[in-house]
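Summary of structural features
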Amino acid sequence: MGQTFYLYRPILLYLPTGHPNAFVLSTQVLESNMYCTSLFKQRSMWVNGPLVVGAGPSGLAVAACLRSRGVPFVVLDRADCIASLWQNRTYDRLRLHLPKQFCQLPNLPFPEDFPQYPTKRQFVDYLESYARAFGIRPRFNEGVLSARYDETCGIWRVKTTAEVEYISQWLVVATGENAECVAPEIDGLERFPGVLLHASEYKSGEAYRGKKVLVVGCGNSGMEICLDLSLHGCFPTMVVRDSVHVLPREVFGKSTFEMAVAMTKLLPVWLVDMIFLCLTWVVLGNLEKHGLKRPKMGPFELKISQGKTPVLDTGTLEKIKTGDIKVVPGIKKFTHGKAEFVDGQILDVDVVVLATGYRSNVPSWLQESDFFSSDGLPKAPFPGGWKGKNGLYAVGFTGRGLSGSAFDAERTAEDIARIWTEESKQAKSFMAGHRMCSSLQWRQ
Ligand SMILES: Cc1cc2nc3c(=O)[nH]c(=O)nc-3n(C[C@H](O)[C@H](O)[C@H](O)COP(=O)(O)OP(=O)(O)OC[C@H]3O[C@@H](n4cnc5c(N)ncnc54)[C@H](O)[C@@H]3O)c2cc1C
Ligand SMILES: NC(=O)c1ccc[n+]([C@@H]2O[C@H](COP(=O)([O-])OP(=O)(O)OC[C@H]3O[C@@H](n4cnc5c(N)ncnc54)[C@H](OP(=O)(O)O)[C@@H]3O)[C@@H](O)[C@H]2O)c1
């Protein structure tokens, strides 16, 4: 199929593209790797090389790996900048929780003077210089509305909010595991008279000084937002509806994550869990008396089997222990600016922050169900979830953060580059043969 596609590329430009009666009227070369065909209303663009959806760290990583292998590409993003999650939807206090060597993208290490845990600003600066270094210029403000594989022509048809239909042999999905906010339905929340926001809208506690803030959720976001609120003179209360694994970010000066990675190469996961639970007990003490019950399953087994990330503590626990951050169980309902909890407590609340997580948006636009499951993540577990059928790839859905993105990006680019190189060779020999035939005919 791939070869046929490459050789008949010019003919494809003249196919009807979905408009009931419309046929292509003109063809124009837009950029070196994009051809535009104007219709009555909708434009169709043929992409020479893969189409990458998403200009976050995963999209940038795969684009850089393609560039290093000489494969052209087009990157689309619904936002008006690269890494919009990091630039627009995260709080000011945010730093990488994992040591920098686990967060850098392929082919360009972090600058040497970056700290062990770079700040959000440093990470964004790094991503911007990464995009510049590899000449990645995404097409912004183009959200993908739908993508489907056209079996007849053997191509992906991808429609965007800019009324453009992109046509490509390869589709790389890099829209992230955190594309949309999750906001739970809680009785009475819709009538809450105070300020209500999701963690993705929270910037700093400065705006809520002196206020009673209820933070719903005790993942890394909820924990860190509580710390930030407390440091800004607010009165935070954190909802822990079930159980949570909190680990120190470092043990005896060594990164917990780094130690766990090293240990899981040598020991079974259950043993690594036991070692870490003992270490955590020594370093952090018994957390249950502060309302933080531990799950029955160990932290790394839970991460592998259910994708639930343990919290790496950056100072919240100390504030919980001193009582500056209160911990409450699940919420029963909201009434007249008060929250009632399952243990019967009732608290006055001025502000509610929903730190209740995120989800993938892939099912809302990708018309495919073999490779992605209904939760928008690849069905195959790591490391098998990067390649689907018909030129479909997924980068950044491993549940392993930035190191997982780097892993997927390298494999995806390598795979596409292999096909690209083979097809380019075949196309060249076809064209050479075609020229020879033409000149023989002319001589006869
Ligand atoms: C608060 C927070 C802190 C985090 N900290 C860390 C950390 O320290 N270390 C770590 O490894 N991981 C961390 N993560 C996980 C983090 O999401 C990833 O590591 C990283 O951002 C993943 O990159 P990505 O490109 O896959 O996804 P994203 O960064 O989410 O990028 C996806 C891009 O796709 C675009 N997009 C989405 N839908 C569409 C569409 N339909 N059409 C066009 N474009 C679309 C978005 O605008 C976005 O630019 C954190 C996550 C959060 C929420
Ligand atoms: N610096 C960093 O590295 C950093 C900082 C922040 C976030 N992150 C990453 O970003 C990703 C998202 O993290 P996140 O903390 O935003 O989301 P998350 O890990 O999905 O946590 C969501 C939290 O909300 C709770 N929750 C959901 N619905 C609830 C309800 N109705 N009532 C009460 N609690 C409810 C969940 O509880 P249950 O567990 O009971 O479901 C969980 O505690 C993770 O990968 C995380 O590691 C990283």
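Everything below is about the structure printed above this text.
In what follows, the accompanying structure is described. Here the structure is a predicted model, which means the values were calculated and not measured. (Residues numbered from 1 in each chain as written. Chains lettered and ligands numbered in written order. Predicted model: local features only at pLDDT ≥ 70, side-chain atom pairs only at ≥ 80, totals over all residues.)

Ligand 2 sits among 24 residues. The nearest are H97, G217, G219, S221 and G357. Per-element tally for the shell around ligand 2: the top contributor is helix 6 (residues 220-231), with 4 residues. Looking at side-chain class alone, the shell around ligand 2 contains 9 nonpolar, 11 polar and 4 charged residues. Residue-level mapping places the shell around ligand 2 at the junction of two domains, with at least three residues from each of domain 1 (2-179 + 360-436) and domain 2 (182-357). (Near = placed C-beta within 6 Å. Helix = DSSP H or I, 4+ residues; strand = E, 2+ residues; numbered from the N terminus. Nonpolar A, V, L, I, M, F, W, Y, C, P; charged D, E, K, R; others polar. Domains from an automatic or database assignment.)

We now examine helix 9 (residues 299-306). Looking only at helix 9, the buried set comprises P299, F300 and L302. What you see down the axis of helix 9 is that its buried residues fit within an arc of 160°, all on one side. Tucked inside the fold, the buried residues of helix 9 contact strand 14 (246-248), helix 7 (256-264) and helix 8 (269-284). Just downstream of helix 9, G307 is the residue with a positive phi angle, here 70°. (Buried ≥ 20, exposed ≤ 12 C-beta atoms within 10 Å, placed from the backbone. Arc of directions from axis to C-beta. Contact = placed C-beta atoms within 7 Å.)

On to the sheet that holds strand 19 (residues 331-335). Read across the sheet, 3 strands follow the order 19-20-21 without closing on themselves; strand pairing throughout is antiparallel. Single-partner strands in this sheet number two, and they are strand 19 and strand 21 (346-348). Ignoring strand direction, the axes of neighbouring strands in this sheet form an average angle of 25°. Bridge count for strand 20 (residues 338-341) against strand 21 is 3 bridges, and the pairing is antiparallel. When the bridges of strand 21 are listed, K338 appears paired with D348. (Pairing = 2+ DSSP bridges. Axes fitted to C-alpha atoms, helices over the stretch in contact; angles between N-to-C directions.)

The subject of this paragraph is unusual backbone geometry. The omega angle of the peptide bond from F382 to P383 is 5°, so this bond is cis rather than trans. Within the secondary structure layout, P383 lies in the loop between strand 23 (358-359) and strand 24 (392-394). One non-glycine residue, E163, lies in positive phi territory at about 55°. One can find E163 in the loop between strand 7 (155-160) and strand 8 (164-168).

Our focus in this paragraph is the sheet that holds strand 4 (residues 51-53). Read across the open sheet, the 4 strands follow the order 5-4-9-24; overall the sheet is parallel. The outermost strands of the open sheet, each flanked by one partner alone, are strand 5 (74-76) and strand 24. Strand-to-strand twist of the sheet, defined as the mean angle between neighbouring strand axes without regard to direction, takes the value 20°. Alignment of strand 4 against strand 5, held across 3 bridges, turns out to be parallel.

Lining the immediate surroundings of ligand 1 are 35 residues, of which G54, G56, G176, G396 and G401 lie closest. Of all the secondary-structure elements, those providing two or more residues to the shell around ligand 1 are helix 3 (57-68), helix 4 (84-88) and helix 11 (401-443).

Grouped together as the largest cluster of nonpolar side chains are 60 residues, with contacts concentrated most on L51, V52, L60, V62 and V172. Ranked by the residues each element gives to this core, the list is headed by helix 3, at 7 residues. Every residue in contact with V52, bar those within four places of it in the chain, is listed here: G59, V62, A63, F73, V74, V75, V172 and A174. With 40 residues, the next largest nonpolar core counts C218, V244, L247 and I331 among its residues. (Core = buried A, V, L, I, M, F, W, Y, C linked by C-beta atoms within 7 Å.)

Inspection of the secondary structure assignment puts F334 in strand 19. The buried category is assigned to F334, around which 22 C-beta atoms lie within 10 Å. With 141 residues separating them in the primary sequence, F334 and P193 have C-alpha atoms 9.9 Å apart. Residues in contact with F334, not counting those within four places in the same chain, are I186, D187, G188, L189, F192 and A339.

Taking burial as the measure, the 5 residues of strand 13 (residues 235-239) include 5 buried ones, the bulk of the element. With burial as the criterion, each face of strand 13 is covered, one bearing F235, T237 and V239 and the other bearing P236 and M238. Strand direction decides the pairing type here: strand 12 (residues 212-216) and strand 13, joined by 5 bridges, are parallel. Among the inter-strand pairings, L214 is bridged to a residue of strand 13, identified as T237. After leaving strand 12, the chain enters helix 6 and then returns to the sheet as strand 13, a path that is right-handed. Direction of pairing for strand 13 relative to strand 18 (residues 326-328): parallel, over a ladder of 3 bridges. From the neighbouring strand, V239 faces strand 18, where its bridge partner is V328. (Right-handed = clockwise from strand over helix to strand, strands pointing away.)

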